[in-house]
Amino acid sequence: MFELSSKVDTLAMIGPVYRKLLEKLGINTIGDLLYHVPFRYENYSLVSKINQLQPGETVSVHGRITDFKNIYTRTGKKLQKAKLSDETGEISLIWFNQTFLSSILIPGTELTVAGEVKFYERRLAFIVPQYEIYTNNSLHIHTAGLIPVYPETKGLTSKWLRAKIAVILKRLNPEIREFLPPTLLEAYNLPVLKEALGNIHFPKDYKQAESARRRMAFEELLIIQLAAAFRKKALDRQSNAKMITVDEKSLAAFIKSLPFQLTRAQERALSEILGDIKRDKPMLRLLSGDVGSGKTIVAVLAVFATCLAGYKSILLAPTEILASQHYRTISKLLDPWGIKIAYITSREKTARPEDYPVTVGTHALLYNYSPGNDLGLLIIDEQHRFGVEQRAVLSLKNKQPHVLSMTATPIPRTIGMTLFADLDLSLIDEMPRNRLAVKTYIVKTEKREAAYGWIKEKILKSRHNSPEQVFIICPFIEASETLATVKSANEEYDRLGKDVLPGLNLGLLHGRLKPAEKSAVLAKFQNKEIDILVATPIVEVGIDFPSATVILIEAADRFGLAQLHQLRGRVGRGNLQSYCLLFTESREAKVLDRLNTLTRFRQGHELAEYDLKMRGPGEFFGTRQHGGLGLKFADFSDLSLIKKTRSEAVKLLKQDPELKSSSLLRDKVLAYTIIKDTID
Ligand code: ADP
Ligand code: MG
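What counts and what doesn't
Residues numbered from 1 in each chain as written. Chains lettered and ligands numbered in written order. Predicted model: local features only at pLDDT ≥ 70, side-chain atom pairs only at ≥ 80, totals over all residues. Heavy atoms only, no water. Phe/Tyr/Trp six-rings, centres within 6.5 Å; stacked < 30°, edge-to-face > 60°. Helix = DSSP H or I, 4+ residues; strand = E, 2+ residues; numbered from the N terminus. Buried < 20%, exposed > 50% of the residue type's maximum accessible area, 1.4 Å probe, protein only. Lys NZ or Arg CZ within 6 Å of the ring centre and 35° of its normal. Pairing = 2+ DSSP bridges. Axes fitted to C-alpha atoms, helices over the stretch in contact; angles between N-to-C directions. Contact = heavy atoms within 4.5 Å. Parallel < 35°, antiparallel > 145°, perpendicular 65-115°, else oblique. Left-handed = near helix turned anticlockwise from the far one by under 90°. Nonpolar A, V, L, I, M, F, W, Y, C, P; charged D, E, K, R; others polar. Core = buried A, V, L, I, M, F, W, Y, C linked by side-chain atoms within 4.5 Å. Near = heavy atom within 4 Å. Polar contact = N/O pair within 3.5 Å; in protein donor to acceptor, adjacent residues only side chain to side chain. Areas by Shrake-Rupley, 256 points an atom, 1.4 Å probe, with all protein chains shown as cover. Domains from an automatic or database assignment. Salt bridge = Lys/Arg side-chain N within 4 Å of Asp/Glu carboxyl O. Expected span 1.5 Å × (residues − 1). Arc of directions from axis to C-beta.

An unreviewed UniProt entry lists the chain under the name Probable DNA 3'-5' helicase RecG, from Candidatus Gottesmanbacteria bacterium GW2011_GWA2_43_14.

Moving on, we get to the packing of aromatic side chains. A complete count under the given rule lists 14 aromatic pairs for this structure. Considering the side-chain rings of Phe 525 and Phe 545, the 5.0 Å spacing of their centres and the 80° angle between planes classify their relative orientation as edge-to-face. Here the residue Phe 525 occupies a position in helix H15 (residues 515-526), and Phe 545 occupies one in the loop between strand E19 (532-535) and strand E20 (548-553), the gap between them amounting to 20 residues. Overall, Phe 525 belongs to the buried group, its relative accessible area being 0%. Among the aromatic side chains, those forming a connected cluster through ring pairs are Phe 254, Phe 304 and Trp 337. Against the face of Tyr 131 rests Lys 159, its NZ or CZ located 3.9 Å from the ring centre. Here the basic side chain of Arg 215 rests over the ring of Phe 179, its NZ or CZ set 5.7 Å away from the ring centre.

Overall, parallel pairing links the six strands, which are arranged E16-E21-E20-E17-E19-E18 in an open sheet. Of all the strands in the sheet, just strand E16 (439-444) and strand E18 (506-509) have a single pairing partner and so form its edges. Geometrically, the sheet is characterised by an average inter-axis angle of 20° between neighbouring strands, direction not taken into account. Where helix H13 (residues 448-462) meets the sheet, its contacts fall on E16, strand E17 (469-473), E19, E20 and strand E21 (579-584), and the angle it forms with E21 comes to roughly 155°. Lying on the sheet, helix H17 (residues 589-600) is in contact with E16 and E21; it crosses E16 at an angle near 155°.

One way to put it is that helix H5 (residues 193-201) packs onto helix H6 (residues 206-237) with a least axis distance of 8 Å and a crossing angle of 125°. When the interaxial angle is binned, H5 and H6 end up oblique. Judged by the sense of rotation from one axis to the other, the crossing of H5 with H6 is left-handed. Facing Leu 193, Ala 196, Leu 197, Asn 199 and Ile 200 of H5, the residues of H6 in contact are Gln 208, Ala 209, Ala 212, Arg 213, Arg 215, Met 216 and Glu 219. For the contact of H5 with H6, the residue count by class is seven nonpolar, two polar and three charged.

To continue, consider the nonpolar core. Ranked by size, the top nonpolar core spans 74 residues in total, and within it Leu 22, Leu 33, Leu 226 and Leu 665 carry the most contacts. At 13 residues, H6 tops the list of elements feeding residues into this core. If we skip the residues at most four places from it in the chain, Leu 22 touches Val 8, Ile 14, Ile 27, Leu 33, Leu 156, Trp 160 and Leu 161. Ranked by size, the runner-up nonpolar core spans 36 residues in total, among them Ile 277, Leu 287, Ala 305 and Leu 334.

The immediate surroundings of ligand 1 are formed by 17 residues, with Gly 292, Thr 296, Arg 435, Asp 544 and Arg 573 found nearest. Separating an oxygen atom of ligand 1 from a backbone N or O atom of Gly 292 is a distance of 2.6 Å. Here Asp 544 contributes a side-chain N or O atom positioned 2.6 Å from an oxygen atom of ligand 1. Burial of ligand 1 by the protein chains amounts to 87% of its free accessible area of 560 Å². Classifying every residue of the shell around ligand 1 gives five nonpolar, seven polar and five charged. Of the domains in this structure, domain 3 (238-428) and domain 4 (439-601) are the two that each give at least three residues to the shell around ligand 1.

Once that is clear, we can look at the pairing of strand E10 (residues 312-316). Note on strand geometry: in a regular strand, side chains alternate between the two faces of the sheet. Within E10, five of the five residues are buried, leaving the element largely enclosed by the surrounding structure. Side chains Lys 312, Ile 314 and Leu 316 project from E10 onto one buried face, and the interleaved Ser 313 and Leu 315 project onto a second face that is buried too. Summarising the sheet, E10 and strand E13 (residues 375-380) pair through five bridges and their orientation is parallel. Considered in E13, the bridge of Leu 316 is made with Ile 380. Direction of pairing for E10 relative to strand E12 (residues 358-361): parallel, over a ladder of four bridges. Paired with Leu 316 across the two strands is Gly 361, which belongs to E12.

Helix H9 (residues 295-308) packs onto helix H7 (residues 248-257) with a crossing angle of 145° between their chain directions and a minimal axis gap of 10 Å. The chirality of how H7 crosses H9 is right-handed. Along its contact with H7, which presents Ser 250, Leu 251, Phe 254 and Ile 255, the element H9 presents Val 300, Leu 301, Phe 304 and Leu 308. Its residues assigned to classes, the contact of H7 with H9 comprises seven nonpolar, one polar and no charged.

Okay, the sheet that holds strand E11 (residues 341-344) next. Across the sheet, which stays open at both edges, the seven strands sit in the order E11-E12-E10-E13-E14-E9-E15 with parallel pairing between neighbours. Two strands in the sheet have a free side with no partner beyond their single neighbour: E11 and strand E15 (424-428). On average, adjacent strands in this sheet sit at an angle of 20° to one another, irrespective of strand direction. The strands touched by helix H10 (residues 320-334) within the sheet are E10, E11 and E12, with E11 carrying the most contacts at an inclination of about 175°.

Okay, the environment of Gly 372 next. For Gly 372, the location among the structural elements is in the loop between helix H11 (365-368) and E13. C-alpha separation for the pair Gly 372 and Tyr 311, spaced 61 residues apart in sequence, amounts to 9.9 Å.

By the definition in use, this model includes 29 salt bridges. The salt bridge involving Lys 233 is made with Glu 658; its shortest N-O contact spans 3.1 Å. Pair noted here: Lys 233 is in helix H6 and Glu 658 is in the loop between helix H20 (639-655) and helix H21 (663-672), with a separation of 425 residues, a long-range link. For Lys 233, a relative accessible area of 32% gives the class partly exposed. Accessibility expressed as a relative area gives 24% for Glu 658, which makes it partly exposed. Between Glu 457 and Lys 461 there is a salt bridge, with the nearest N and O atoms lying 3.7 Å from each other. Placement of the pair is Glu 457 and Lys 461 together in helix H13, with a separation of four residues, close to one helical turn. Linked by salt bridges that have partners in common, Asp 9, Arg 19 and Glu 23 make up one network.

Attention shifts here to helix H8 (residues 264-277). If you check H8, its first and last C-alpha atoms are 20 Å apart, about what 14 residues at 1.5 Å a residue would give, namely 20 Å. Along H8, the positions that sit buried rather than exposed are Ala 265, Gln 266, Ala 269, Leu 270, Ile 273, Leu 274, Asp 276 and Ile 277. One face of H8 carries all of its buried residues, which in axial projection span an arc of 165°. Of the surrounding secondary structure, the elements contacted by the buried residues of H8 are H7, strand E9 (284-289), H9, strand E14 (402-407) and E15.

Our focus in this paragraph is unusual backbone geometry. In this model, Arg 352 sits at a positive phi of 50°, which is unusual for a non-glycine residue. On the secondary structure map, Arg 352 appears in the loop between E11 and E12. Assessed through its relative accessible area of 58%, Arg 352 is described here as exposed. We note that Leu 659 has phi near 55°; this positive angle belongs to a residue other than glycine.

Right, dumping it as structure tokens:
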């Protein structure tokens, strides 16, 4: 027998290889797998007879294989061509390089296929369709309905996840126990957990999916609020943080040496932080400010103060690229003061980092570096990107550092205070004075060449005085950076260099480059030896090149608004007019409208609010996993749900401060609480 907390490999159908792959997605237990929810659904609900098929429509068709051929083309490619028939007609199914299909799609096999009806050799066909062999006892989960599409990783497809999740849901169903009080479910008209999990993966229609999502969002927000209340109680009891006495004179000298003046908002945030770290209670503060508002320097000033007081600091970044940039920026800033920085990622490590006053790195540093008791300050940049790894921060908790989290997720103060009752919030609500709004344009296919011409001219002209640089962001093909995304970046880099923008210096950046290659490319971009950096969306987070003035985003419609805003934030970081070009082939009014909001709104929180209002059910997970504060189901801008869960959390704790009477709920809350053992 297995249960939600069992490791995934207790299931006979999941071996060590898949266990490892699942781990990459943060999935360790069977429960994690069930909570790995689709970020969208493929709508294959329309089931059609073959003679009714229209080109361009997305449908499912049920029939029998009547022919299968492996074909070798003259160019040496392998092509699979099958015929599918029902009582009304026949249609071709085409695949490439999947010779193994010959042993599966044997003539006579009953099959459902799903996909877009296209033309192949001037006749209607399905090209690389989803397919599902029909037997009386199979689950039928890949076609003929709303089909879940999951965040994937290389070697682990949505099809695989779907199949496993379907089996687990079926077998485990009686074990999925409700832990929310029945009165709440009733009052808010929420489905029970069992039903919600079933429907979020395999909904009958969008309405069912939305109702399931609401239940999961309610659960998530309630747990966050209860956990925050627990943590606050625990924190109030602690009094052994390092008291960091700020050397005001040196700090003032450092600030004076900066090439710019701090904004008032930065000064305010800094003084709030300095006020906290002076005390013997650990700081737990969230520094929130829109992309480009200048959070890093505030963090560096706090590091500087900590360092002068004789304590150590750690700065965590979510990606290697960002970590390496922080490493360089901070080294440059602190070097004149004789402060040296250690650097740790999963692939590079400064020797004896324990000897350095400051360590910068990715979460890898949590596992291969153990700071001493003199750890004074822990800074987590882009904290919403950490998700699961954030738990690893646990390993540092016994050192009781002051903790500063930074995020560009726009959270209005009221929401922050409600949702994270235990966090103090500093807002940088003002941009540095020199900034101009980034001009944003939607570029349709017919304007593509003109846009390249404009970019080229812009770069060539700027060379005479102050060189300007360009990012070209390749389509976001899957939820995580997979080979497909990297391949498209590679191809785009070749194409642009050869045919489109010859004579300019191009660089290529993606997550699969070796660290040394990555740093080399970034260093060249920094030194302006590269005019145009072709990159996967990996540059999305945090990086800072003030002379980059144009960002061109391919297939912009595939990104969520929050993510596009993050990407746009890569330009407009200096005093030059910057531009964001959103390329799209879409002609759908809905898609263009959505992109248009970027041309209308400049600030992250305006976009977030609009996004929430407009987001259709079909893509309701579209942006959430990128823009939220590690929220999986809920949306921080759903103020009304936040308020409701807040008042319910307060009520629950008033009746039962330790949640003794709902032990299942209590367990969930404790699992969410980063300092859980201190409250027992
Ligand atoms: P984010 O808040 O997105 O992390 P950064 O901290 O990377 O933004 O800052 C963006 C850019 O703005 C950096 O190049 C930084 O040096 C610069 N910057 C920060 N503060 C100011 C300021 N007060 N005036 C002018 N430029 C600033
Ligand atoms: Mg930043």
